[in-house]
Amino acid sequence: MEYSSKYLEKAVEEISGLPGIGKKTALRLALHLLREEESATQHLAQSLLDLKEKVKHCKSCGNISDSQLCDICAHPGRQKDLVCIVEDIRDVMAIENTGQYKGIYHVLGGLISPMDGIGPNDLNIEMLVNKVAEGQIHELIFGLSTTMEGETTAFYLFKRLADFKGKLSAIARGIAVGDQLEYADEVTLARSIVNRVPYEKSIEQNS
Amino acid sequence: MFLKELHLQNFKSWSQAHFTFSPKLNAFVGLNGAGKTNLLDAIHYLSLTKSYFSNTDAQNILDGADFFSIDGTFHRKEKEERIHCALKKGQKKTLRKNKKEYEKLADHIGQYPSVVISPYDRDLITESSETRRRFMDTVLSQGHSQYLFHLMRYNKALQQRNRLLKYFAANHTFDALSLEALEVQMQEHAEPLYAMRQSFCDELQPKITYYYQFISLGREEASLTYKSQLHETRLRDLLQENLTKDKVNQYTGVGPHRDDLIFKLQEKSVRKFGSQGQQKSFLIALKLAQYDFIQKKLGITPILLLDDIFDKLDEDRVAKLIKLVHDEEFGQIFITDTHPERTRAMVREIDPQAQIFNVSEAS
């Protein structure tokens, strides 16, 4: 494509480098910025710079944070001996939204997948191993996706944490709440039958 | 379950066509190239959302057109159900049941099962083990919903392991724990795959013998054997034993992805020693056994699609075969043939209600 301005061309090139954005969308966004007030673009540019310069990773859990210690790890009301291992910040946000979890997290930053060039060394695993070695953790929860990569990563961690003396658990997998059985997919239903739970426990949860 | 009406647009050689079928026996007659097989393929498409013959969906669009659509009205469980499948160039295939689009194509598989018997089946004998595994996988995926899940998971873990072996070789490193984590996944999914394949072969074996003897009018014993490295050793031990080799080759040389099916007549390989007629009879027996398997597993009578059935079989055997599938517990049947008189004579004798379509006139 021929552009009438080399500045426009440069902007389109940069924007289209973002995931999910092609040349045409990039051009549309660039033209939009051109039409807008200059201050709007300045705010956008500044927030992007701040994002890159000021965001840190929590030294305790690896989550994205503005300070050395993220709000969750720094919160006095949080149970520090209960750690939920998740893939990334999106999972933290999802679990936080439930309001049901009072422990802290450990953010891996991905899952093991040789096809995508991600090995254990690319993940935030050493920090977890060290944290476990300190002996303050009573329970570790695998809050990982039930994909092949999630299961592989969980097994890898299970082996790496062989010395861990506390409780090791995984989030329950089964019929989604509010689902009708006949519409559940059969793999999930089969697992739910095999890993059924005592009824007393299920009443407690529902009340 | 049967197909009542079929409407095609721009599907393969057909620009436009409409048919109303008999619930039992239907025949398409016409010259070579008239488009008979393409009609069977359209029915197969409605059943499994893919062609039996061509590999890519776009190949099924009529030359010069930019979309195809297949519309079928099925009679199933006392109800009329409309299945609509369409593909527009450069877009995703859409599949609708009673005007409602499926969320997952996989939900459709197994609802309107069909079995094809075609001259192309000879690939099952002559080609590599991959063709036979694909046959086994297709049938088992229709019969067991869990099968496809385990197969996909196994294949993913296998790909990951191969990639890891390549990474080790390229970077001159090795990490036993990463490898083990993947092998545990492979083991977990290989076990059910192996068990389901074994019981599949056990179930098919007596039926193949029965159908082969019926078609060949002979006493020859046809057999099917499941060949797998997992018969003696579990996968994780196999992978351990083979690790040195795998590291050199940079791919996984053992596992259910190397399984095969062995076809034999009187303990002799069908591929090496079977005549063309014997091979053909064997394949028909195999497909009829598949038909029984699917019917039993799903509790739905599949549609039987017999393509060019007179190819390599004499008229007596064909008549016997058609009579068998017509009289026993088979459901709706479609056959294709190039000789109108031959087909008419045979079909009318077996079933006076049968529908015969002269395809060269229609197109």
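Definitions and cut-offs
- Residues numbered from 1 in each chain as written.
- Chains lettered and ligands numbered in written order.
- Predicted model: local features only at pLDDT ≥ 70, side-chain atom pairs only at ≥ 80, totals over all residues.
- Heavy atoms only, no water.
- Helix = DSSP H or I, 4+ residues; strand = E, 2+ residues; numbered from the N terminus.
- Rg over C-alpha atoms; globule rule 2.2 N^0.38 Å.
- Buried < 20%, exposed > 50% of the residue type's maximum accessible area, 1.4 Å probe, protein only.
- Contact = heavy atoms within 4.5 Å.
- Areas by Shrake-Rupley, 256 points an atom, 1.4 Å probe, with all protein chains shown as cover.
- Lys, Arg positive; Asp, Glu negative; His and termini not counted.
- Charge placed at Lys NZ, Arg CZ, Asp CG, Glu CD.
- Buried area = accessible area lost by both parts, 1.4 Å probe.
- Salt bridge = Lys/Arg side-chain N within 4 Å of Asp/Glu carboxyl O.
- Nonpolar A, V, L, I, M, F, W, Y, C, P; charged D, E, K, R; others polar.
- Core = buried A, V, L, I, M, F, W, Y, C linked by side-chain atoms within 4.5 Å.
- Disulfide = S-S within 2.5 Å.
- Pairing = 2+ DSSP bridges.
- Right-handed = clockwise from strand over helix to strand, strands pointing away.
- Axes fitted to C-alpha atoms, helices over the stretch in contact; angles between N-to-C directions.

A. How the structure looks around the overall build of chain A. Across its full length, chain A carries nine helices and six strands. The C-alpha atoms of chain A give 22 Å as radius of gyration, which overshoots the globular expectation for 207 residues (17 Å, by more than 25%). For chain A, the spread of C-alpha atoms along the principal axes amounts to about 70 × 45 × 40 Å. Within the span of chain A, comprising 207 residues, buried residues form 33% of the whole. Taking as baseline every contact in chain A between residues at least 6 positions apart, the subset at least 24 positions apart corresponds to 47%. Surface accessibility of chain A: about 13,900 Å² in total, with carbon and sulfur atoms responsible for 55%. Each charge sign in chain A was given a centre, from 23 positive and 30 negative side chains, and these centres are 3 Å apart.

B. Focus on the overall build of chain B. Along its length, chain B carries twelve helices and 14 strands. Its C-alpha atoms give chain B a radius of gyration of 22 Å, within 12% of the compact-globule value 21 Å for 363 residues. By the burial criterion, 53% of the 363 residues in chain B qualify as buried. Within chain B, residue pairs in contact and separated by at least 24 positions form 70% of the contacts whose partners lie at least 6 positions apart. Carbon and sulfur atoms provide 47% of the accessible area of chain B, an area that totals close to 16,700 Å². The centroid of the 51 positive side-chain charges in chain B is displaced by 3 Å from the centroid of its 48 negative side-chain charges.

C. Spatial organisation of the interface of chain A and chain B. Facing the 19 residues of chain A at the interface are 20 residues of chain B. Among the residues chain A hides against chain B, the three largest losses belong to Pro 114, Met 115 and Met 148 of chain A. Together they make up 37% of the total. If you look at where chain A meets chain B, you find four salt bridges. With a shortest N-O distance of 3.6 Å, Arg 191 of chain A and Glu 188 of chain B are connected by a salt bridge. Among the elements of the structure, helix H7 (148–160) and helix H8 (186–194) of chain A are those that each provide at least two residues to the side of chain A that touches chain B. Considering each element in turn, the side of chain A that touches chain B owes the most residues, eight residues, to H7 of chain A. Class assignment of the residues belonging to the side of chain A that touches chain B gives a composition of eight nonpolar, four polar and seven charged.

D. How the structure looks around the nonpolar core. Residues Phe 200, Ile 208, Phe 263, Leu 288 and Leu 304 of chain B are the most contacted members of the largest nonpolar core, which totals 75 residues. If one sorts the elements of this core by residue count, helix H5 (residues 176–216) of chain B sits on top with 14 residues. Setting aside anything within four residues of it in sequence, one finds Leu 288 of chain B in contact with Ile 117, Tyr 211, Ile 215, Leu 304, Leu 321, Leu 324, Val 325 and Phe 330 of chain B. One finds Val 83, Cys 84, Val 92 and Ile 125 of chain A within the second-largest nonpolar core, a separate group that totals 37 residues.

E. Representation of the state of the cysteines in the model. Summed over all chains, the structure comprises zero disulfides over all chains. Free cysteine: Cys 58 of chain A, not disulfide-bonded; nearest cysteine sulfur from Cys 61 of chain A at 3.7 Å.

F. Quick peek at the pairing of strand S4 (residues 103–107) of chain A. All names here are of chain A. The buried fraction of S4 amounts to five of the five residues, a majority that puts the element mostly inside the structure. As defined by bridge partners, strand S3 (residues 79–86) adjoins S4 across five bridges and the pair is classed as parallel. Opposite Ile 85, over in S4, you have His 106 as the bridge partner. Crossover handedness for the path S3 to helix H5 (residues 89–98) to S4: right-handed.

G. Spotlight on the sheet that holds S3 of chain A. Residues and elements named next belong to chain A. If you walk across this open sheet you meet the four strands as S4-S3-S5-S6, and the pairing is parallel. Looking at the sheet topology across the chains shown, the edges are occupied by S4 and strand S6 (167–170). Strand after strand, the sheet turns through a mean of 25 degrees between neighbouring axes, direction not considered. Strands S3, S4 and strand S5 (139–142) of the sheet are contacted by helix H6 (residues 126–133), whose axis makes an angle of about 145 degrees with S4.

H. Inspection of unusual backbone geometry at higher detail. All names here are of chain B. Positioned with a positive phi, Asn 98 is a non-glycine residue whose angle comes to about 45 degrees. Mapped onto the elements, Asn 98 comes out in the loop between strand S6 (94–97) and strand S7 (100–101). In this structure, Gln 250 is a non-glycine residue whose phi angle is positive, near 60 degrees. Locating Gln 250 in the fold gives a position in the loop between helix H7 (243–249) and strand S10 (260–265). By relative accessible area, which is 27% here, Gln 250 ends up partly exposed.

I. Layout of the environment of Leu 324 of chain B. Residue and element names in this part refer to chain B. Tracing the sequence through the fold places Leu 324 in helix H10 (residues 315–327). Given a relative accessible area of 4%, Leu 324 falls into the buried group. Between the alpha carbons of Leu 324 and Ile 215 there is a distance of 9.3 Å; along the sequence they are 109 residues apart. With residues near it in sequence (within four places) discarded, Leu 324 still touches Tyr 210, Tyr 211, Phe 214, Leu 288 and Phe 330.

Honestly, it's all geometry; don't read function into it.
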